[in-house]
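Structural characterization, general
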Amino acid sequence: DVKVTQSSRYLVKRTGEKVFLECVQDMDHENMFWYRQDPGLGLRLIYFSYDVKMKEKGDIPEGYSVSREKKERFSLILESASTNQTSMYLCASSFLDSQETQYFGPGTRLLVL
Amino acid sequence: QKEVEQDPGPLSVPEGAIVSLNCTYSNSAFQYFMWYRQYSRKGPELLMYTYSSGNKEDGRFTAQVDKSSKYISLFIRDSQPSDSATYLCAMTRTGNTPLVFGKGTRLSVIA
């Protein structure tokens, strides 16, 4: 059974803190993605990675960075959290040429105070 | 004009009804069309996937793509309370280009 796990379901952080969100997949997928989901705005792509140490900017990369040191793990980093980064963060993965078939994790609901 | 438009609803129907969910798009290069279902406080899951035009059926679910009108639909027959969720359409040009999502339609099926 395919599995994408995210390190936390809920997270509360203070403005200015450095925040790490981790995602692990067990399907040997090459592609991994980070999205944020906000009411009225839908799902927006922050970054994706198609290989270890490779990354591509999505639609809204500002204020975020990513790290992919191992194939199964993709981390999203908020260098200095701000209140406008309060959101639901979703990780997904897919095979290299099959972005149409993405498997999502359960999401991390982040609140920045 | 946004690339993908989807009515956010909410849509409320009685159990057993036929549900029609729709998206329109502007980019004629889109070839892959997907429907994802997202239950409350969960991640989306792929429900249906269609390549190019035509229909695809899976149990109570039918996905339709009309590329000439740039219009896709998801039909749910004999809807059940367990179908209550947000339905997201998504599309892309190729298998290695990022997905473009609609904003989702929230559906409630009332017993």
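Residues numbered from 1 in each chain as written. Chains lettered and ligands numbered in written order. Predicted model: local features only at pLDDT ≥ 70, side-chain atom pairs only at ≥ 80, totals over all residues. Heavy atoms only, no water.

Some thoughts on the overall build of chain B
Secondary structure assignment for chain B yields zero helices and 11 strands. In chain B, the order of α-helices and β-strands from amino to carboxyl end is β-β-β-β-β-β-β-β-β-β-β. For chain B, the spread of C-alpha atoms along the principal axes amounts to about 40 × 25 × 25 Å. Counting only residues that meet the buried cut, chain B has 43% of its 111 residues in that class. With an accessible surface of roughly 5,300 Å², chain B has 46% of that area assigned to carbon and sulfur atoms. With 12 positive and 10 negative side-chain charges, chain B shows a separation of 7 Å between the mean positions of the two kinds. (Helix = DSSP H or I, 4+ residues; strand = E, 2+ residues; numbered from the N terminus. Buried < 20%, exposed > 50% of the residue type's maximum accessible area, 1.4 Å probe, protein only. Areas by Shrake-Rupley, 256 points an atom, 1.4 Å probe, with all protein chains shown as cover. Lys, Arg positive; Asp, Glu negative; His and termini not counted. Charge placed at Lys NZ, Arg CZ, Asp CG, Glu CD.)

Some remarks on the nonpolar core
Trp35, Ile72, Leu74, Tyr87 and Met91 of chain B are the most contacted members of the largest nonpolar core, which has 24 residues in total. Elements that contribute at least two residues to this core include exactly β3 (19–25), β4 (32–38), β5 (45–51), β7 (61–66), β8 (71–76), β9 (85–92) and β11 (105–110) of chain B. Apart from the residues lying within four places of it in its own chain, the contact partners of Ile72 of chain B are Leu21, Asn22, Cys23, Tyr25, Phe33, Trp35, Gln64, Val65, Cys89 and Met91 of chain B. Counting 21 residues, the second largest nonpolar core, distinct from the first, contains Val19, Met32, Ile60 and Tyr64 of chain A. (Core = buried A, V, L, I, M, F, W, Y, C linked by side-chain atoms within 4.5 Å. Contact = heavy atoms within 4.5 Å.)

So, the side chain of Asn31 of chain A
Residue and element names in this part refer to chain A. Secondary-structure assignment places Asn31 in strand β4 (residues 31–38). Here Asn31 falls in the buried class, since its relative accessible area comes to 1%. A polar side-chain atom of Asn31 sits 2.9 Å from the main-chain carbonyl oxygen of Phe95. A distance of 3.0 Å separates the side chain of Asn31 from the backbone oxygen of Leu96, its partner in a polar contact. Once you skip the residues sitting within four places of it in the chain, Asn31 turns out to touch Ser49, Tyr50, Arg68, Ala92, Ser93, Ser94, Phe95, Leu96 and Gln99. (Polar contact = N/O pair within 3.5 Å; in protein donor to acceptor, adjacent residues only side chain to side chain.)

Re the packing of aromatic side chains
Summed over all chains, the structure comprises 12 aromatic pairs over all chains. Ring geometry for Phe33 of chain A and Tyr35 of chain A: centres 6.2 Å apart, planes at 25 degrees, overall stacked. Each member of the pair Phe33 of chain A and Tyr35 of chain A is classed as buried. Judged by centre distance (6.3 Å) and plane angle (75 degrees), the rings of Phe104 of chain A and Phe101 of chain B are edge-to-face. (Phe/Tyr/Trp six-rings, centres within 6.5 Å; stacked < 30°, edge-to-face > 60°.)

Describing the interface of chain A and chain B
The interface of chain A with chain B comprises 22 residues on the first partner and 19 residues on the second. In this assembly, chain A packs against chain B so that about 1,600 Å² is buried in total across both faces, 55% of it on carbon and sulfur atoms. Three residues stand out in chain A for area buried against chain B, namely Leu43, Gln99 and Glu100 of chain A, and they jointly supply 34% of the buried area on that side. Here chain A and chain B share zero salt bridges between them. At the junction of chain A with chain B, the criterion picks out nine residue pairs in polar contact (both at pLDDT 80 or more). At the level of secondary structure, the elements contributing two or more residues to the side of chain A that touches chain B comprise β4 and β5 (42–49) of chain A. A total of four residues in the side of chain A that touches chain B trace back to one element, the largest contributor, which is β5 of chain A. For the side of chain A that touches chain B, a count of residues per class yields 10 nonpolar, eight polar and four charged. (Buried area = accessible area lost by both parts, 1.4 Å probe. Salt bridge = Lys/Arg side-chain N within 4 Å of Asp/Glu carboxyl O. Nonpolar A, V, L, I, M, F, W, Y, C, P; charged D, E, K, R; others polar.)

Quick word on the state of the cysteines
Residue and element names in this part refer to chain B. As enumerated under the stated definition, the model contains two disulfides over all chains in all. One disulfide in the model links Cys23 with Cys89; its S-S distance is 2.0 Å. Of note, the bridge from Cys23 to Cys89 carries an S-S torsion of about -100 degrees and is left-handed in sense. Here Cys89 lies in strand β9 and Cys23 lies in strand β3, a separation of 66 residues in the sequence. (Disulfide = S-S within 2.5 Å.)

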